[in-house]
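Letter by letter, the chains look like this.
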Amino acid sequence: MKNGNARTALERDCACAALPDESHGAACTRVASRFPELWLRLYAAKKLRSDPVFPAAFELLRASREPLLDVGCGVGLLGFYLRERGFQPPIAGIDRDGRKIARAQAVAERHYPALEFVEQDAADNLERSGSLALFDVLHYLRPDEQERLLARLVPRIAPGGMLLIRDCPRDENARFWLTYLAERFAQATTWNVRTSLHFPTRAAVAAHFLHNEFEQKIAPLWGDTPFNNHLFIFRRRAIAPVAG
Ligand SMILES: C[S@@+](CC[C@H](N)C(=O)[O-])C[C@H]1O[C@@H](n2cnc3c(N)ncnc32)[C@H](O)[C@@H]1O
């Protein structure tokens, strides 16, 4: 990151990411209403309205023309939300949980025909390029799997495109441990993946991104929660700076 008064485009985007405008609420309502099952409508409405990652992602991506791949997309909330906010580039989502993909596909078929959802493990071949989202996925993977996934995602980021990662860095503070306990509870009581948890360190994630190739920022994104959620933003520079 640059020091001093000059702010990069990435820093300006982050500054406005915390200020959802009035179309945010309407988009949340419309997306939630698309799910045929009551419990999913309620889940989607609460998640979209309470989780600051959705408006933050929109603010970061709104000017981009790059296609978006949502890795570990769940029931497709990010893609549906972005479309409702007017984000026009192609959107695809992959998730290894067929139950969630089936729900996403059903909603897309009826309401968002240009969105594509595929049941796929992120460890399998990824062919798309553009911008990528990886929200609340990394900590379900073992450290070696995280390494391999990040190494495979980096080349898929187009010039000017971004990889947005939302996760809880292993900061070993009170926020971190509260996040850990809440995730354990969620695993026991919801359909979240039941596997061991491996929250990554900031350094382990950032090590994949060379400073001369990527603008980068790791910003708190915990909203009103006591958790340690952060947004990791890596934007591939359109033109690499000339050395010397
Ligand atoms: C907590 S959910 C987050 C869903 C969505 N990203 C969101 O923010 O609403 C984590 C998702 O990651 C998916 N997932 C975990 N490991 C995966 C892998 N190796 N490949 C694809 N999806 C994976 C799970 O199936 C689950 O849907």
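Residues numbered from 1 in each chain as written. Predicted model: local features only at pLDDT ≥ 70, side-chain atom pairs only at ≥ 80, totals over all residues. Heavy atoms only, no water.

**Here we look at helix α5 (residues 77–84)**
Given 3.6 residues per turn, any residue in an α-helix points the same way as the ones three and four places further on.
Item 1. Here α5 lies mainly inside the structure; 8 of its 8 residues are buried.
Item 2. Inspection of α5 places Leu 77, Leu 78, Gly 79, Phe 80, Tyr 81, Leu 82, Arg 83 and Glu 84 among the buried residues, and these make up the whole buried set. (Buried < 20%, exposed > 50% of the residue type's maximum accessible area, 1.4 Å probe, protein only. Helix = DSSP H or I, 4+ residues; strand = E, 2+ residues; numbered from the N terminus.)

**Things to note about the packing of helix α4 (residues 53–61) against α5**
Item 1. Here α4 crosses α5 at 55°, and the two axes come no closer than 10 Å. It follows from the interaxial angle that α4 and α5 lie oblique. In the crossing of α4 with α5, the sense of the turn from one axis to the other is right-handed. Along the contact surface, α4 presents Phe 54, Pro 55, Ala 57, Phe 58 and Leu 61, while α5 presents Leu 77, Leu 78, Tyr 81 and Leu 82.
Item 2. Taken together, the residues that form the contact of α4 with α5 break down as 9 nonpolar, no polar and no charged. (Axes fitted to C-alpha atoms, helices over the stretch in contact; angles between N-to-C directions. Parallel < 35°, antiparallel > 145°, perpendicular 65-115°, else oblique. Left-handed = near helix turned anticlockwise from the far one by under 90°. Contact = heavy atoms within 4.5 Å. Nonpolar A, V, L, I, M, F, W, Y, C, P; charged D, E, K, R; others polar.)

**Some remarks on unusual backbone geometry**
Glycine aside, a negative phi is what most residues show, and trans is what most peptide bonds show.
Item 1. Unlike most non-glycine residues, Asp 136 shows phi in positive territory, near 60°.
Item 2. Along the chain, Asp 136 falls in the loop between β4 (131–135) and α7 (143–153).
Item 3. Located in the positive-phi region is Glu 172, a residue other than glycine, with phi close to 60°.
Item 4. Note that Glu 172 resides in the loop between β5 (162–167) and α8 (174–189).
Item 5. Look at Glu 172 and you get partly exposed, because its relative accessible area is 44%.

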